[in-house]
Amino acid sequence: MPIDVGSVRGDFPILDRRVGNDPLVYLDNAATTQTPTQVREAYDDVYDRYNANVHRGIHDLSYEASIRYEAAHDRLAEFLGASGGREEIVFTKNTTESINLVAYAWGLSELGPGDEVVLTEMEHHASLVTWQQIAKKAGADVTYIRVDDDGRLDMDHAREVVGEDTAMVSVVHVSNVLGTINPVRELAALAHDHGARVLVDGAQAAPTRPVDVEAIDADFYTLSGHKMCGPTGIGVLYGKRRLLEEMDPFLYGGEMIADVTFEDATWNELPWKFEAGTPPIAEGIALAAAADYLDDLGMANVRDHENALAQYLLERLEARDDVETYGPPSGEERAGLVAFNVDGVHAHDLSGILNESGVAIRAGDHCTQPLHDELGISGSARASFYVYNTREEIDRLLAALGDGESMLTDYLRSDRFSPDVESHYERSRTAEGLADPTFSKTSQATTCGDEGRFDVEVDDEGVIRRIAFESESCAVSSATASKLSESLVGRSLEEIADLDGHALDLFDGQIPPLRVDCVEGPEEVIRLAAREYLDARAGE
């Protein structure tokens, strides 16, 4: 049966809050979902009734905590289709730690020169950066499966890339930017045909659709609790028992040992040998409650509800000439998210504009900077949905989008901003760079998708004669770069190296709190540039 959204929304009190004068429309679920009352009650119950350390105390509270914590592992095994039960389920902090656990505990011992790790171009930094750095340590190579123009994996290219030298294929199950649902079962079969292992990043998949790790034949599968109605600080690593038994621990300390002498130690049984120290007890028990909550709704229903909302938004955005969307086109199943850009409006500005109407979305590169580079964009806006979202909320988003660039002008002219922000954004005084600068400083802020460069010309006394910038940043950062550059001409590099709050003062502090970072960012870049230049001169 379809999800009864009206009933579901009653489980999430936060959805009743207002942002300014408007009801909250929360469309940032790919980053973190909200937590229902049932899960919060399970969490509170730990501290209200049986808060104690697990596996260590010969008293009732410790026994009860241990039983429930162990049962939570069994519940997540059931949720993921892992017939091996708790011995195949390791609790971690999040997906990132789960991937790092495999990369360090398996990768450093198994990878070597001549081996290859195969990733995709749509990988989250949690996977891409981790395997990139582990491969460097091990002397292995990293290759990437291409993404086609419609945001799908090029499986012909996958069959070319995965070969006899491939030791690990790490693939995102669902892209957090494109919404693409990858053929992970086919990729696992391809990898296993060549004797490679497979890790599936399920951060966006496990919360949104049925997952059966044994049907996929994943060697490892990861997820984060805070993306599936659970608390933060809890994640899951599923691993085939045989592989987990062969692997050494990732972290050492208490709980994960069986026997310790002054000379050596042996390890506890699975999964505890990978859970060093006091584990996330309340978080793990609450995550099991989240699995119960989602299973009661039906994961197939969750999948269908998200897809319907994504299609509804995608169809309407595709009909606009001033909007570009990313990933599979409407009519093709996707996860419950849509990434897009509006012509002439930086995604960070768009997020700020929508927030004025109570609509919460994400903006930036969503921890997929290389993918955005391949798409030829610095960042994107992303609306993502969950079990409590409605078409009416999407209509609120669409209404708030307004008429493209005109909404940006209206936003910057509001009394929340200094008039100089709109003035310097529309008529920059120092844009387009310098032909022959003394030094330049380029910066990328991956959290928001800002990119820019300062060019600086300095005289023999270390005083700035000219300064200019080029920017693909948000309107507020671009305006700041303009006004800041104008104000620094005639100042010494020593003064600039000590700047602290100067940019904000230029606007008399008349900047919305949510956008203060956009003002401080350019100042930080030019301050660092001055310090680097002075240090280089001192070392000559």
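Everything that follows concerns the structure shown earlier in this document.
Bear in mind the structure is a predicted one, so any value in this text is a computation, not a measurement. For every chain, the first residue of the written sequence is number 1, and numbering continues from 1 along that sequence. In keeping with the model being predicted, local features are shown solely for residues with a pLDDT of at least 70 and side-chain atom pairs are shown and tallied solely at 80 or more, while totals for entire chains, interfaces and linings include all residues. Each side-chain value is worked out from all heavy atoms of the structure, with water and hydrogens disregarded.

(A) Fine view of the pattern of salt bridges. The term salt bridge refers to a pairing of a side-chain nitrogen on Lys or Arg with a carboxyl oxygen on Asp or Glu at a separation within 4 Å. Taken as a whole and assessed by the stated rule, the structure comprises 35 salt bridges. Counted as one network, the salt bridges with shared partners bring together Arg75, Glu78, Asp292 and Asp295.

(B) Representation of the layout of surface pockets in the model. Only protein atoms enter the 1 Å grid used here, on which a cavity is any set of points holding a 1.4 Å probe that cannot leave and a pocket is any open set flanked by protein within 12 Å on both sides along at least five of seven lines; residues with an atom within 4 Å of a point are listed as lining. Grid points are joined across faces, edges and corners, and a volume is the space filled by probe spheres set on the points. Reported here for the second largest pocket is a volume of approximately 290 Å³. Put simply, DSSP H or I for four residues or longer makes a helix, DSSP E for two residues or longer makes a strand, and each gets a number counted from the N terminus. Elements with a contribution of two residues or more to the lining of the second largest pocket: strand S13 (323-326), strand S14 (337-342), helix H12 (347-355) and helix H17 (475-488). Residues are grouped as follows: nonpolar covers Ala, Val, Leu, Ile, Met, Phe, Trp, Tyr, Cys and Pro; charged covers Asp, Glu, Lys and Arg; every other residue, Gly included, is treated as polar. Class assignment for the residues of the lining of the second largest pocket results in 8 nonpolar, 8 polar and 4 charged.

(C) Quick look at the packing of helix H3 (residues 60-80) against helix H10 (residues 281-297). Here H3 crosses H10 at 40 degrees, and the two axes come no closer than 8 Å. With respect to each other, H3 and H10 are oriented oblique. Along this stretch, H3 crosses H10, giving a crossing that reads as left-handed. Here Ala65, Arg68, Tyr69, Ala72, Arg75, Leu76 and Phe79 of H3 lie close against H10, whose contacting residues are Ile281, Gly284, Ile285, Leu287, Ala288, Ala291, Asp292, Leu294 and Asp295. Class assignment for the residues of the contact of H3 with H10 results in 11 nonpolar, 1 polar and 4 charged. Axis geometry follows a simple rule: fit a line to the C-alpha atoms, using only the stretch in contact for helices, then measure angles between N-to-C directions, giving values from 0 to 180 degrees. Our angle categories are set so that under 35 degrees counts as roughly parallel, over 145 as roughly antiparallel, 65 to 115 as roughly perpendicular, and the remainder as oblique. What makes a crossing left-handed is the near helix being turned counterclockwise from the far one by less than a right angle; a clockwise turn instead makes it right-handed. Contacts are residue-level and defined by heavy atoms, with any inter-residue pair within 4.5 Å sufficient.

(D) Broad picture of the sheet that holds S13. With antiparallel pairing, the 4 strands of this open sheet are ordered in space as S13-S14-S17-S16. This sheet does not close on itself; its edge strands, each paired only once, are S13 and strand S16 (362-364). Taking the axes of each pair of neighbouring strands and ignoring which way they run, one obtains an average angle of 30 degrees across the sheet. Pairing analysis gives 3 bridges linking S16 to strand S17 (residues 380-384), with the strands arranged antiparallel. Bridge pairing in S17 places Gly364 opposite Ser380. Each of S13, S14 and S17 touches helix H11 (residues 299-318); the most contacted strand, S14, lies at about 20 degrees to it. Here, a strand pair is defined by DSSP locating no fewer than two bridges between the strands.

(E) Seen up close, the nonpolar core. Core analysis: the largest hydrophobic core is formed by 82 residues, its most contacted members being Leu80 and Tyr221. A per-element tally of this core places H10 first, with 12 residues. Only buried residues count toward a nonpolar core, which is a set of Ala, Val, Leu, Ile, Met, Phe, Trp, Tyr and Cys residues joined through side-chain atoms within 4.5 Å. Relative accessibility thresholds used throughout: buried, under 20% of the residue-type maximum; exposed, over 50%; partly exposed, between the two (1.4 Å probe, protein chains only). Ala310, Leu314, Ala381 and Ala479 belong to the second largest nonpolar core, which has 63 residues in total.

(F) Region of the structure containing the pairing of strand S11 (residues 257-260). Direction of pairing for S11 relative to strand S12 (residues 265-267): antiparallel, over a ladder of 3 bridges. Among the inter-strand pairings, Val260 is bridged to a residue of S12, identified as Ala265. A loop of 4 residues connects S11 with S12, the two strands running antiparallel in sequence.

(G) Structural context of a negative patch on the surface. Taken together, the side chains of Asp321, Glu324, Asp343, Glu405 and Glu426 make up a negatively charged region of the molecular surface. One can find Glu405 in helix H15 (residues 405-412). Within the patch definition used here, like charges are joined within 9 Å and nonpolar side chains (Val, Leu, Ile, Met, Phe, Trp, Tyr) within 5 Å, considering only residues with over 30% relative accessible area and no salt bridge. Using a 1.4 Å probe, accessible areas were evaluated by the Shrake-Rupley method; residue-level cover was limited to the displayed protein chains. Here the positive residues are Lys and Arg and the negative ones are Asp and Glu; neither His nor the chain ends is included. Note on charges: their place is set at NZ of Lys, CZ of Arg, CG of Asp or CD of Glu.

(H) Expanded view of the pairing of strand S19 (residues 450-458). Across the 9 residues that make up S19, a large majority, 7, are buried. Note that S19 and strand S20 (residues 464-471) share 7 bridges and pair antiparallel. Bridging across to S20, Val458 finds its partner in Ile464. Counting the residues that bridge the hairpin from S19 to S20 gives 5 residues, and of these Gly462 lies at a positive phi of roughly 80 degrees.

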